[in-house]
Amino acid sequence: MLSWHESDAPQWIWLNLLAAVALVRVAPEGRLRKSAVLYRGLSFAVLVLMLVPFFAEQLRVGVYPQLEPQGRVESVQAGMGIAMPEAAVDADAVVERDRMVKQSARDVSLEEVVVTGSRIVKSYARYAPNAIVQAGPGRPSWSWNSYSLRWSGPVDAERTLRLLVMPRWLVSGLRFLAVFLLLAFAAVFAFEIFNQRWQWPPRMRAANRAPSLPAATIAALLAAGALIASPAAEAETPTPEILQQLEQRLLEPPPCAPRCAEIAAAEVQVRGDAMTIELDVHALADVAVSLPGSLQGWRPESVQIDGAASHVYRRADQTLWVRAGAGSHRVTLTGPLPPVDSLEVPFPATPRVITATADGWSVAGIRDRRLLSGSLQLARLQAAGSADSSARWESGRFPHFVRIERTVELDLDWRVNTQVVRVAPEQGALSLQVPLLDGESIVTGDFRVTDGSVLVSMGPGQGVIVWESTLPRTSPLTLTAEANAAWKEVWRFGVGSIWRVKFDGVPESASESPFDEARIAEFYPRGGETLTLVAERPEATSGTTLAFDDVSLQTEVGARSRSVNLTLNYRSTRGAQHVIRLPDAAEVLSVTIDGRNEPLRPDNGALSVPILPGEHVIEVRWRQDLAVGIRAEVPTVDLAAAASNISIGIEMPENRWVLATSGPRLGPAVMYWSELAAMLLFAVVLGRIRLTPLTTRHWLLLGLGFSTFSWTALLVVAAWLLVSGARERWRSDMAWWRFDAIQVLVAAMTVAALSAIVATVPAGLLGTPDMQVVGSNSWGNSLHWFADRSESLLPGAYVFSLPMWTYKVLILAWALWLSFALLRWLPWVWKCFVSQGLWRSRRA
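Basis of the calculations
- Residues numbered from 1 in each chain as written.
- Predicted model: local features only at pLDDT ≥ 70, side-chain atom pairs only at ≥ 80, totals over all residues.
- Heavy atoms only, no water.
- Patch = residues over 30% accessible without salt bridge, like charges linked within 9 Å, V, L, I, M, F, W, Y side chains within 5 Å.
- Areas by Shrake-Rupley, 256 points an atom, 1.4 Å probe, with all protein chains shown as cover.
- Salt bridge = Lys/Arg side-chain N within 4 Å of Asp/Glu carboxyl O.
- Helix = DSSP H or I, 4+ residues; strand = E, 2+ residues; numbered from the N terminus.
- Pairing = 2+ DSSP bridges.
- Axes fitted to C-alpha atoms, helices over the stretch in contact; angles between N-to-C directions.
- Contact = heavy atoms within 4.5 Å.
- Disulfide = S-S within 2.5 Å.
- Buried < 20%, exposed > 50% of the residue type's maximum accessible area, 1.4 Å probe, protein only.
- Phe/Tyr/Trp six-rings, centres within 6.5 Å; stacked < 30°, edge-to-face > 60°.
- Expected span 1.5 Å × (residues − 1).

(A) Here's a closer look at a nonpolar patch on the surface. A surface patch of nonpolar side chains, amounting to about 650 Å² of accessible area, comprises Leu-149, Trp-151, Val-155, Leu-161, Leu-163 and Val-165. As for its placement among the helices and strands, Leu-161 is situated in the loop between strand E2 (146–151) and helix H4 (168–194).

(B) Layout of the pairing of strand E23 (residues 464–471). Of the strand pairs in this sheet, strand E18 (residues 414–424) and E23 are connected by eight bridges, and their pairing is antiparallel. By the bridge assignment, Gln-419 is partnered in E23 with Val-466.

(C) Structural context of the sheet that holds strand E19 (residues 430–435). Within the open sheet, the three strands sit side by side as E19-E22-E21. Their pairing is antiparallel. Both edges of this open sheet fall to E19 and strand E21 (449–450), since each of them pairs with a single strand only.

(D) Structural context of the pairing of strand E10 (residues 327–336). Across ten bridges, the pairing between strand E4 (residues 274–283) and E10 is antiparallel. Directly across from Met-275, in E10, lies its bridge partner Gly-335. In this structure, strand E6 (residues 302–305) lies alongside E10, joined through four bridges in antiparallel fashion. From the neighbouring strand, Ser-302 faces E10, where its bridge partner is Thr-334.

(E) Geometry of the sheet that holds strand E9 (residues 320–324). One open sheet accounts for three strands, arranged E5-E9-E8; its pairing is antiparallel. Where the open sheet ends on each side, the last strands, each with one partner, are strand E5 (287–291) and strand E8 (312–314). Strand after strand, the sheet turns through a mean of 40° between neighbouring axes, direction not considered. Pairing analysis gives three bridges linking E8 to E9, with the strands arranged antiparallel. Bridged to Arg-314 within E9 is Leu-320.

(F) Here's a closer look at the environment of Cys-256. Mapped onto the secondary structure, Cys-256 falls in the loop between helix H6 (240–250) and strand E3 (261–271). Beyond its immediate sequence surroundings of up to four residues, Cys-256 is in contact with Leu-284 and Ala-285.

(G) Quick peek at the state of the cysteines. Within the structure shown, the criterion is met by one disulfide. Here Cys-256 is linked by a disulfide to Cys-260, with a sulfur-sulfur distance of 1.9 Å. Taking the sign of the S-S torsion, about 105° here, the bridge from Cys-256 to Cys-260 comes out right-handed. Residue Cys-260 is classed as buried on the basis of its relative accessible area, which comes to 7%.

(H) A look at the packing of aromatic side chains. The final tally for this structure, using the stated rule, is 18 aromatic pairs. Ring centres of Phe-706 and Trp-814 lie 5.0 Å apart, and the angle between their planes is 85°; on these two criteria the pair is classed as edge-to-face. In this pair, Phe-706 sits in helix H8 (residues 696–706) while Trp-814 sits in helix H11 (residues 804–834), placing the two residues 108 residues apart along the sequence. Ring centres of Trp-817 and Trp-825 lie 6.0 Å apart, and the angle between their planes is 85°; this geometry places the pair in the edge-to-face category. Looking at Trp-825, the relative accessible area reads 5%, which means it is buried.

(I) Just the environment of Ile-742, in detail. For Ile-742, the location among the structural elements is in helix H10 (residues 736–766). Owing to a relative accessible area of 9%, Ile-742 belongs among the buried residues under this scheme. Spatially, the C-alpha atoms of Ile-742 and Val-723 are 9.7 Å apart, while their sequence positions differ by 19 residues.

(J) Focus on helix H2 (residues 31–63). Relative to the 48 Å expected for 33 residues at 1.5 Å per residue, H2 spans 48 Å between its end C-alpha atoms, a close match to the ideal helical length. The complete set of buried residues in H2 reads Arg-33, Ala-36, Arg-40, Ser-43, Phe-44, Leu-47, Leu-51, Phe-54, Phe-55, Gln-58, Val-61 and Gly-62. Elements that come into contact with the buried residues of H2 comprise helix H1 (12–26) and H4.

(K) Examining the pattern of salt bridges more closely. Under the criterion given, the structure shown has 24 salt bridges. Put simply, Glu-615 and Arg-139 hold a salt bridge, and the shortest N to O gap is 2.8 Å. Within this pair, whereas Glu-615 is found in strand E35 (residues 614–624), its partner Arg-139 is found in the loop between helix H3 (86–107) and E2, the two being separated by 476 residues in sequence. A network of salt bridges, in which partner residues are shared, links Arg-139, Asp-549, Arg-571 and Glu-615.

What follows is the structure in structure tokens.
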């Protein structure tokens, strides 16, 4: 129960082993019992293989909590349902979104992006100029494990939540308790397995010979290799790249594209039921020119170029085109008008200038001899209720209707973003007079404003018109939705953090804010409704105007002096002078602000630096004449302000032997001492085993030396000594091949152990000890700590070390002891090796 939730904890293997033990108890003698005993042994071996790394990790994290793996996201939900981590939900949503985007890209080729709504996309000022605004505490940049709590039902505002967080000592105690209980549980199974059949050394079973690969499989592999190695046939057809290049050459447009032709002038004449359009076309190459008209409205019956009839081409989009050679041409189009009340004549190619004369029709869409929306609108002048009005074209009966979305941005300056979105009709041009807000002044686009209204003209294929305006900071501000208008309005207000706003009138609708620094309020008024906005500037709260978001203090320790580098990333809402307290003996080498050197020096340890508004970086480098000793520490620095995300580092020289460290909780851990404690336990156990002449003192000395440079060599030597002692006590009535195999194994282990000693001991004498320094990106003599925050004084960090010659003397003395010990152990190993004979033949 204590270990079930831990990562990599043995779980179902316990039930598997329990079933194996029960099966052995009830299985009858014979093949079934032998199979059950083998299965029980394998299950116990798997349990041991799972417990050893799990025990090591739990003890490691129990002693050094900073080494616990981080970055987990866990979710807990109260009530019914299933809670998923947010990262998994987001990943699935991203995958589904990408799939839908790719699918739509294969099905539809988009040629135009139409904006159908407005959102506030600007960044709002967090505070006004010259305002004294508190900076708050430093923003944390670290992350730990995340736990998400969710409820499947509603939660009242009066409900409270209390979290019980166990202290560090209790968590570590539970980890040690879990290890002890799991070890005791495993010991129960070990006693059950080995109590009745305990033998030393155990009998060796003949290993099953691995089946050889069938000849058919070898033949198939050889045949597949021959097929793979066969040369590939050469293709003579052109590659797709060459075909694509040829296609590009054939379809290459002329050099003047895409402006090879344009309509310089257009003259429109409407007389009764016929219309004539004359176009002055200027072409730089032999190209096709689009003509005005459409299949649903007016289309020409005859087209002449320079007085000669010309053939008209129709494209897939139902537009009309005529071929024109290089030069200037006069194109004349004539055709009857359909029997409709209103008519739209689109011009796919907009002429530079256009004039129109009409008899019996009113013409719209032209201003200052320019075509506003890419089409002409004609309306027949006739009395209402005429006899032929029922036969008019149906589209003439639909009135214009749009949606007006006004977004008012209340920031340092007030601005209005207005979008007019087409609703009806879906096709055709339209023109409307849209009223502006009180005091609104358009600053973008080319619009005609008369009597507080702006003329909005949309072309046949145009769906949205947008403009931006300025608005005086007047409170209260009143907006009124016009009654019986040809539009529906939507009002949005983006309220920056420097304003406090109250609304009265139209009820506010639910809205989502994509920005943390602004509130978004949406309103959907009906005709005749009024909204009143009252805005005021709130007073600033008191607090510090300086915050250190990131602090780095790096110390490089030398034999006679120390070099220190202090880096400060700060935020400030106002300019000022700030004093940083350095050690009195500090010799400042340089001070840089945003990469620029500043001639600043401390006065009795007090360094005054200029603080600028915004985010900036200060770097201070100094040196201290201080010889290295047993204890090295970072200098004492007082920032005189709160700081967050503090990184502390100490670089020790290579001629120092790091023994231990001390500092903030999240820092390096010297794992050697915990490994040495485990080795001491094993030395006591091995000293009680009478297979070798080594006592606990010998095993401890043997481990003390090898553990500083090679644990692998220690394991090889220990296994060699134990196997040699077991060889002397082996039964003599074994088969000849089994005896010879054991001799070969002992000889191989002897060679491996002596080779490990010869290869690793010189490296230990000439190298540096491996103290297993890990945690917080620390290794060797490079040590780093991290603290989440400090009030004023930066946290301290210490390193305890000895000169490297101390280690050299100790390892040399150990190597001499090992040499004399081997002189005593090797004769004993030879005696064990030749006991009961050196080699046995088959005939013996």
